[in-house]
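Observations on the model geometry
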Amino acid sequence: MERVEDNGDGNKLATRLRQICINDGERERLEMEQEQFFKDCPHPDENQRRQLSKELGLDLKQIKFWFQNKRTQTKAQNERANNSVLRAENERVHCENLAIREALKNVICPSCGGPPFGIEERQRSLQKLQLENSQLKEEHEKVSNLLAKYIGKPICQMNSSLMPSLPGSAILEHQNVLPPPILPVHQEMDIGLDLNLQFKGINDLEQSLMMETATNAMDELIRLMRINEPLWIKPPSSTNIERYVIHPESYEKVFPRANHFKTSSARVESSKYSGMVTMNGMQLVEMLLDSDKWVDLFPTIVSKARTIQVLEPGINGNRNGCLQLMHEQMHILSPLVSPREYYFLRHCQQIELGLWVIVDVSYEWPKDNISSSHCWRLPSGFMIQDMTNGCSNVTWLEHVEVDDKTQTHRLYRDLICNNCAYGAERWVVTLQRTCERLLAENSQSIHEVGGVINLPQGRKSLMKLAHRMVKNFCSMLSMSGKLDFPQLSEVNNSGVRVSVRKSLGHGQPSGIVVSAATSLWLPLPSHNVFNFFKDEKMRVQWDVLSNGSPVQEIVHISNGSHLGNCTSIIWPFIPTENNMLMLQESCIDQLGSMVVYAPIDIPSMNLAISGDDSSNIPILPSGFVISRDGRQRDHYRASTSTETGFGTGTGIGTGGSLLTVAFQILVSSPSSSKELNMESVATVNTLISSTVQRIKATLNCSNLD
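**Concerning the environment of Gln283**
- With respect to the element layout, Gln283 can be found in helix α10 (residues 281-288).
- Between the C-alpha atom of Gln283 and that of Asn318, which follows or precedes it by 35 residues, the distance is 9.8 Å.

**Focus on unusual backbone geometry**
- The step from Glu229 to Pro230 runs through a cis peptide bond, and the omega angle for that step is 5°.
- Within the secondary structure, Pro230 is located in the loop between α8 (204-226) and β3 (232-233).
- Positive phi, close to 65°, is recorded for Leu333, a residue that is not glycine.
- Residue position: Leu333 is located in the loop between β7 (323-330) and β8 (340-352).
- Leu333 gets classed as buried once you look at its relative accessible area, which sits at 4%.
- Even without a glycine there, the phi angle at Asn700 is positive, about 60°.
- Relative to the elements of secondary structure, Asn700 occurs in the segment after α17 (678-698).

**So, the packing of helix α13 (residues 424-441) against helix α14 (residues 456-476)**
- Axis separation between α13 and α14 bottoms out at 9 Å; the angle between their running directions is 150°. The orientation of α13 with respect to α14, classified from their angle, is roughly antiparallel. Listed contacts from α14 to Arg437, Ala440 and Glu441 of α13 are Arg459, Lys460, Met463, Lys464, Ala466 and His467.
- Residues belonging to the contact of α13 with α14 are distributed by class as follows: 3 nonpolar, 1 polar and 5 charged.

**Focus: the packing of aromatic side chains**
- According to the stated counting rule, one finds 18 aromatic pairs in the structure shown.
- When the ring of Trp396 is compared with that of Trp427, the centres are 5.3 Å apart and the planes differ by 10°; the resulting orientation is stacked. Of this pair, Trp396 sits in strand β12 (residues 392-403) while Trp427 sits in helix α13; the two residues are 31 residues apart in sequence, bridging distant segments of the chain. Summarising the burial analysis for this pair, Trp396 and Trp427 share the class buried.
- Their ring planes at 85° and their centres at 4.9 Å tell us that Trp542 and Phe624 sit as a pair that is edge-to-face. With a gap of 82 residues between them, Trp542 in the loop between α15 (526-534) and β17 (551-558) and Phe624 in strand β21 (residues 622-628) connect regions that are remote in the sequence.
- Across the ring face of Tyr597, the terminal group of Arg539 is positioned such that the distance to the ring centre comes to 5.3 Å.

**Re the pairing of strand β11 (residues 380-386)**
- Among the 7 residues in β11, 5 count as buried, and that is most of the element.
- Bridge count between β11 and β12: 6 bridges; the pairing is antiparallel. The residue of β12 that forms the bridge with Phe382 is Trp396.
- Linkage of β11 to β12, two consecutive antiparallel strands, is achieved through a turn of 5 residues, within which Gly390 is found at a positive phi near 85°.

Definitions and cut-offs
- For every chain, the first residue of its written sequence is number 1, and the numbers climb from 1 along that sequence.
- Per-residue local features of the predicted model are confined to residues with pLDDT of at least 70, and side-chain atom pairs are confined, for both listing and counting, to 80 or more; whole-chain, interface and lining totals are unaffected and use all residues.
- Only heavy atoms go into the side-chain values, all of them from the structure, while hydrogens and water stay out.
- Counting from the N terminus, the helices are DSSP H or I runs at least four residues long and the strands are E runs at least two residues long.
- Burial here depends on accessible area, computed with a 1.4 Å probe over protein chains only, as a share of the maximum for the residue type. Under 20% is buried, over 50% is exposed, and the range in between is partly exposed.
- To obtain an axis, a line is fitted to C-alpha atoms, over the contacting stretch when the element is a helix, and the angle between two such axes runs from 0 to 180 degrees between their N-to-C directions.
- Any angle between 65 and 115 degrees counts as roughly perpendicular, while under 35 counts as roughly parallel, over 145 as roughly antiparallel, and the rest as oblique.
- Here a residue-residue contact requires only that any non-hydrogen atoms of the pair lie within 4.5 Å.
- Classification used: nonpolar for Ala, Val, Leu, Ile, Met, Phe, Trp, Tyr, Cys and Pro, charged for Asp, Glu, Lys and Arg, polar for all others including Gly.
- Ring geometry is summarised as follows: Phe, Tyr and Trp rings, the Trp one being its six-membered ring, pair when their centres sit within 6.5 Å, and such pairs are stacked at plane angles under 30 degrees, edge-to-face over 60 and tilted between the two.
- Cation placement over rings: the criterion is NZ of Lys or CZ of Arg within 6 Å of the ring centroid and within 35° of the ring normal.
- In this description, strands pair whenever DSSP reports at least two bridges between them.

Have a look at this one:
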C-alpha cells in the first residue's frame with residue numbers, strides 16, 4: 001500500500017471520501033439548510049459563503065455554484081409561472097375582444113337606430129364637422145355684425161331682450177284630463193328674417209356638392225322615367241292603367257344604395273302617374289320653379305314652401321340648368337297626420353325642344369338641424385312634354401323613404417301606406433284641377449250663373465279671394481299646437497283637436513282665433529258625402545252660420561270640368577243678420593273632395609265682385625275635407641257629364657270615406673285679454689261635436705258610435 005501524503009491532493013481525496021459517506025439523511029439536512037438560507041439571502045457574500053462551507057462541510061466553490069444554479073432555477077420557475085398566468089390572461093382578453101367585436105356588429109346608434117360609423121366614416125364625418133364648424137363661425141360673425149349694425153346693440157343683448165317676449169307653453173298635447181281654466185294663446189311669429197340670414201353664404205365647396213347631388217339625381221330620374229318593366233310594375237288589384245310602383249329588387253340592382261333610415265319602422269313609398277294638364281310647358285316650368293306659385297298650384301298638398309337660395313338661375317327662355325335649394329312642408333288635410341318636411345334641391349334640365357325634366361332630391365340642410373325629418377326624398381320629380389294644343393303631358397314620379405317612428409293614425413294608415421296620400425297620382429290630379437281653375441279664372445267670358453257679376457275682373461277677383469280662402473283653410477289643418485278632447489268614439493272617430501292662436505296675418509281678422517277639427521270614418525263613398533254637403537236643402541244640418549235657416553246660391557262660377565268644381569256666393573235667410581254672405585269653394589276629383597266656406601260682409605263682397613283688390617278682405621274659413629279611406633284599390637273616375645253628383649258613374653267602389661270637419665271662430669279682438677278662458681274652447685268643442693253627430697244622423701251613420 002502506498003503512503004498517502006499530507007498535501008492538497010490528500011485533502012481533496014479526504015473531502016471526496018466524506019461526501020461519499022454522507023447518507024441520504026445528511027444530504028436532505030444540507031439541502032434544507034441551504035434552502036432556508038437561500039430564502040433569507042439568495043445572494044450571499046464571501047463571508048457568508050465561507051460560514052456555510054464550514055457548517056455544511058462543503059467546498060466554497062460548491063456553495064457558490066449551488067447558489068448560482070438555485071437562482072437560475074428559481075428564475076426559470078418564476079418565468080414559467082408568469083408565462084402561464086400571462087397566457088391565461090391573454091386568452092381571456094382575446095375572448096373578450098372577440099365578444100366585443102361581435103357586440104359592435106349588432107350595436108344600434110341611439111340617435112338614428114342604425115349601425116355605428118366605421119373608421120373611414122368617422123374620419124370623413126370629423127372632417128365634415130370641422131369644415132362646418134369653421135363655416136358656422138364665419139356665418140355667426142357675419143350675422144352678429146349685421147344685427148349689431150341694424151339693431152344698434154350686440155347680439156348677446158338682443159337675445160336677452162327677446163327672451164321675455166317668447167310665449168310660454170301654449171301647447172297641451174294628448175291630455176286626458178281637463179286643462180287649466182286659463183289657456184295661453186299661441187302667437188304666430190314670423191321667422192323669415194332669421195332663416196334668410198341663416199341660409200346666406202353657401203360656400204363654393206357646398207355648392208359643388210349640391211351640384212353633384214342634383215346631377216346624379218337627374219340621371220337617375222331620367223332613367224326611371226324612360227324604363228318601365230322590370231323597374232315599374234302595376235300594384236296588385238289596381239284597375240288604373242296609368243299608376244305604377246317601383247319593384248324593389250329590380251331597383252336595387254340598377255341603383256344600389258344604402259337606406260337613409262336604418263330602423264325597422266322605415267319603409268319606401270313609390271309611384272308614377274301621367275296626365276294631361278291645360279297649361280303650356282314653359283309656363284308650367286316657370287311656376288314649378290317659383291316657391292310661391294308652387295304653393296298656389298298645390299294648396300291642398302303643400303302648406304309652406306320657400307326658396308332658400310338660387311344656386312344657378314338657368315338659361316333665360318327655357319330655364320335649362322336651374323338649380324335651387326328649397327324647403328317645403330306637406331300635409332294630408334287632417335290634424336291626425338304629422339306634416340312632412342323636406343330640404344331639397346330642385347334641378348331643371350331641358351332634354352330637348354319642348355321637353356323638360358325637373359328633379360327633387362333631399363339634401364341635409366341646415367347642417368346643424370337637430371330635429372331630423374322622418375322622411376327623405378329619393379330622386380323624384382316630373383317630366384313635362386309640351387303639346388301643340390297649348391297643353392302639357394306631365395309624368396310624375398314620387399320616391400320617398402319614410403320612418404314611421406310614430407305610428408300613423410289608424411284612420412289614415414291605409415290611405416298613406418297605399419301611396420294614395422302623397423303619391424304621384426294625387427300630384428297630377430291636383431295639378432289638373434288647379435290648371436282648369438286658372439284657365440277659368442283668366443277667361444274673358446263671365447260663365448257665372450245668377451247675373452250678379454258683370455265684369456271678368458270681378459269674377460277673377462272673387463276667384464282669387466276664394467283661392468286664398470282655401471289656402472288659409474288648408475294651412476290651418478296642420479294644427480301644430482293643439483288640445484285633444486277625446487269625448488267622441490275612439491273606434492271610428494279621432495276626438496276633437498282644438499288650436500288657439502293670435503291672428504295678426506295679412507288678410508285675416510285680427511284677434512284670437514279658435515280652430516277645431518275632427519276626422520272620422522263613414523261607410524259611404526266619398527262622392528255621396530260630397531253631394532250631401534253640396535245639397536242646399538241639407539245645409540241646415542251642418543252649417544252653424546246659417547243658424548238653421550234656408551240658404552240660396554246667388555252666384556255660381558264653374559271652374560272645372562265637373563259641376564262640383566265651382567265658386568259660389570251663398571245668401572242665408574237670417575232675419576237678424578242682413579249684412580252677411582258666405583263665399584264657398586267646392587272641388588272634387590277621383591281622389592277626394594272639399595267644401596270650404598267663410599262669412600263675408602256685403603260691403604267686402606261688393607268690393608270683390610266689382611273687380612277691386614280683394615287681398616285685404618279679412619277671411620276666416622271653415623269647411624270639410626272628404627277622401628277615400630284607402631281600403632279599396634279601385635279608382636273612381638270623375639264624371640264630366642251634366643249629371644248631378646257622382647252617383648251615376650261606373651266603377652264606383654263600395655268602400656268608405658274619411659271626413660275631416662274643421663271650424664274657425666274669432667272669439668276676441670286684439671284689445672281683449674291675451675289669455676283665453678277655457679269656456680270658449682269648450683264651446684267650440686261642443687259645437688263641432690254636435691255638428692258631427694247631426695251629420696252622422698242625417699247620413700244614417702249614428703250606429704258607428
